[in-house]
Amino acid sequence: MSEPLTGTFRSLRGFNYRTWATGGIVSNVGTWMQRTGQDWLVLTQLTHNNATAVGVVMSLQFGPQVLLLPLTGFAADHFDLRKVLFATQATAGALALGLGLLTVSGAVQLWHVYVFAFLLGCVTAFDAPARHAFASELVEESDLSNAVALNSASFNGARMIGPAIAGLLLASVSSGWVFLINAASYIAVLVSLSRLKADQLHRRGRAQRTRSSLTEGFRYVWKRPDLRAILLMFFVVGTFGLNFPIFISTMSVTVFHEGARHYGLLSSTMAIGSVSGALLSARRASPRMGFLVAAAAAFGVAMALAAVMPHYAAFGATLVAVGMGAQTFTTTAMSLAQLSTDAVVRGRVMAILLAIALGGTPLGAPIVGWTADTFGPRWALAVGASAGFIAALIGIHYLGKYRPSREASISR
């Protein structure tokens, strides 16, 4: 790889990471198409603009992150990550195919979406920690933070494309075709996994299987005040702040009275900020706690501004700042947690982090959805803004108590 691939894109110098990233971007586009189509199907076709139902779908999809936490972290640390990912990605593709066939045939009902959301949540519970831990096998340790950020950039770059395509399809055909296209997109990531060069993978030492293997991750986190602070901040923001399907769909439909195309465009607009935040994170050599605090505060400010925007265009422009704040916060938190954790427990720690961030959705999404239904979508956005400010205060408390003379560093 030529010399220009340094700095922001340095992880792309390796064949394995390039291959993984190529398959990932295709699959990520399909994933965002399905998320957009699923929210629209529930909000406008299976219910009458019921934000609470969207919240229930989100709860069922993310709840397994908590329910299966001991098993998912154990799998990420004890099994071959490449094989785990092959199994989870193939299963997710099969679920997208099933929901697509039900929807295209006209047989889909709300309870079907609930069931598929829960099953996909179970698959994702195993997939997510394995996928995050797999980054350490694709690149050198010195490039791990960069790889994490580029993965986020890929995921959110797809967020610019997927919802826009989904919006066009929703307006012209049906959400069923959106799900079918997502099912086909999983072929790309399965091919990329099969093409990886095993001799170039940076294999981690597998954790020893003991009776305490399932609880070791919890004990490890409990002894680390920095990880406890990161997890608590992530819980607050993930539970009440990252409910974008509810925020964007309700603002689009009930406040601005727009259709499917404009709804998809709003999701893509926010992704512009998300990609920018991920790329800015990729440029930094090492993440720091102080920057995580600033990102949480910036997210709170952006959400507060979005809540008071009077017009569709102004709201869309503000979503760029929301996306940048949210992605900078999540990428920095993920990098801090990965780089400051011993390799043998990294999968379990990442499973705990993801469970706390995404597993809080079953609690937060129905509350945010009820707030949108009862008081209006602007008040739901205000709840998200408060989450950012509270997370910033938690980080400030940690810095004041444990790091009075210097900011957190990943070097250990």
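Residues numbered from 1 in each chain as written. Predicted model: local features only at pLDDT ≥ 70, side-chain atom pairs only at ≥ 80, totals over all residues. Heavy atoms only, no water.

In the predicted model, the chain carries a mean pLDDT of 84, and 92% of its residues have values of at least 70. Within the model, the stretch residues 1-5 combines pLDDT values under 50 with six contacts to residues more than four positions away or in other chains. Below pLDDT 50 for its whole length, residues 404-412 participates in 20 contacts with residues either more than four positions away or in separate chains. (pLDDT = per-residue confidence, 0-100. Contact = heavy atoms within 4.5 Å.)

Right, let's get into the packing of aromatic side chains. Applying the stated criterion across every chain, the model contains seven aromatic pairs. Between F256 and F315, the ring centres sit 5.6 Å apart and the planes meet at 45°, which makes this aromatic pair tilted. Taken together, the residues F256 in the loop between α11 (244-255) and α12 (260-283) and F315 in helix α14 (residues 312-339) connect sequence positions 59 residues apart. When its relative accessible area of 12% is taken as the criterion, F256 is described as buried. (Phe/Tyr/Trp six-rings, centres within 6.5 Å; stacked < 30°, edge-to-face > 60°. Helix = DSSP H or I, 4+ residues; strand = E, 2+ residues; numbered from the N terminus. Buried < 20%, exposed > 50% of the residue type's maximum accessible area, 1.4 Å probe, protein only.)

Our focus in this paragraph is the packing of helix α2 (residues 51-62) against helix α16 (residues 361-375). Each packed pair of helices is defined by two parameters, the angle between the axes and the distance between the axes. The geometry of α2 relative to α16 is characterised by a closest axis approach of 8 Å and an angle of 175° between their N-to-C directions. Judged on the interaxial angle alone, α16 and α2 are roughly antiparallel. Here α2 contributes A51, T52, G55, M58, S59 and F62 to the contact with α16, which in turn contributes T361, P362, A365, P366, G369, W370, A372 and D373. A per-class count over the contact of α2 with α16 returns eight nonpolar, five polar and one charged. (Axes fitted to C-alpha atoms, helices over the stretch in contact; angles between N-to-C directions. Parallel < 35°, antiparallel > 145°, perpendicular 65-115°, else oblique. Nonpolar A, V, L, I, M, F, W, Y, C, P; charged D, E, K, R; others polar.)

Its place among the elements puts H257 in the loop between α11 and α12. Residues H257 and D143, 114 residues apart in the sequence, show an inter-C-alpha distance of 45 Å.

What follows is about a nonpolar patch on the surface. A grouping of L67, W111, V115, F118 and L119 is seen on the molecular surface, where their side chains present a nonpolar patch of about 480 Å² in accessible area. Looking at the nonpolar patch element by element, the count peaks at four residues for helix α6 (residues 110-138). If you trace the backbone, V115 turns up in helix α6. (Patch = residues over 30% accessible without salt bridge, like charges linked within 9 Å, V, L, I, M, F, W, Y side chains within 5 Å. Areas by Shrake-Rupley, 256 points an atom, 1.4 Å probe, with all protein chains shown as cover. Salt bridge = Lys/Arg side-chain N within 4 Å of Asp/Glu carboxyl O.)

A word on the packing of α2 against α11. Their axes nearest at 10 Å, the elements α2 and α11 cross at an angle of 160°. Overall, the two elements α2 and α11 adopt an arrangement that is roughly antiparallel. Taken as a pair, α2 and α11 cross one another with a handedness that is right-handed. Along the contact surface, α2 presents A51, V54, G55 and M58, while α11 presents P245, I246 and T250. Considered class by class, the residues forming the contact of α2 with α11 number five nonpolar, two polar and no charged. (Left-handed = near helix turned anticlockwise from the far one by under 90°.)

Taking 1.5 Å of rise per residue, the twelve residues of α2 would be expected to cover 16 Å, and the 17 Å separating its terminal C-alpha atoms lies within 8% of that figure. Three or more residues of α2 are buried, namely A51, A53, V54, G55, V57, M58, S59, Q61 and F62. One side-chain oxygen of the residue at the start of α2 lies 2.9 Å from the amide nitrogen of T52, identifying that residue as N50. (Expected span 1.5 Å × (residues − 1). Polar contact = N/O pair within 3.5 Å; in protein donor to acceptor, adjacent residues only side chain to side chain.)

In this structure, N49 takes a positive phi of about 55° despite not being glycine. Mapping N49 onto the fold places it in the loop between α1 (15-46) and α2. One non-glycine residue, H257, adopts positive backbone phi at about 55°.

The next point concerns the side chain of Q89. Relative to the assigned elements, Q89 resides in helix α5 (residues 81-104). Beyond its immediate stretch of four places on either side in the chain, Q89 contacts S27, D127, Y186, V189 and L190.

In this fold, S27 is placed in helix α1. Of the residues examined, S27 reaches a relative accessible area of 4% and is grouped as buried.

To continue, consider the pattern of salt bridges. Across all of its chains, the model carries four salt bridges by this definition. For D127, the salt bridge identified is with R131, shortest N-O distance 2.8 Å. Residue D127 and its partner R131 are located together in helix α6, separated by four residues, close to a single helical turn. Assessed through its relative accessible area of 30%, R131 is described here as partly exposed. D226 is the salt-bridge partner of R224, the closest N and O atoms lying 2.8 Å from each other. You can call R224 buried: its relative accessible area is 12%. Where salt bridges share partners, they join R10, R13 and D143 into one cluster.

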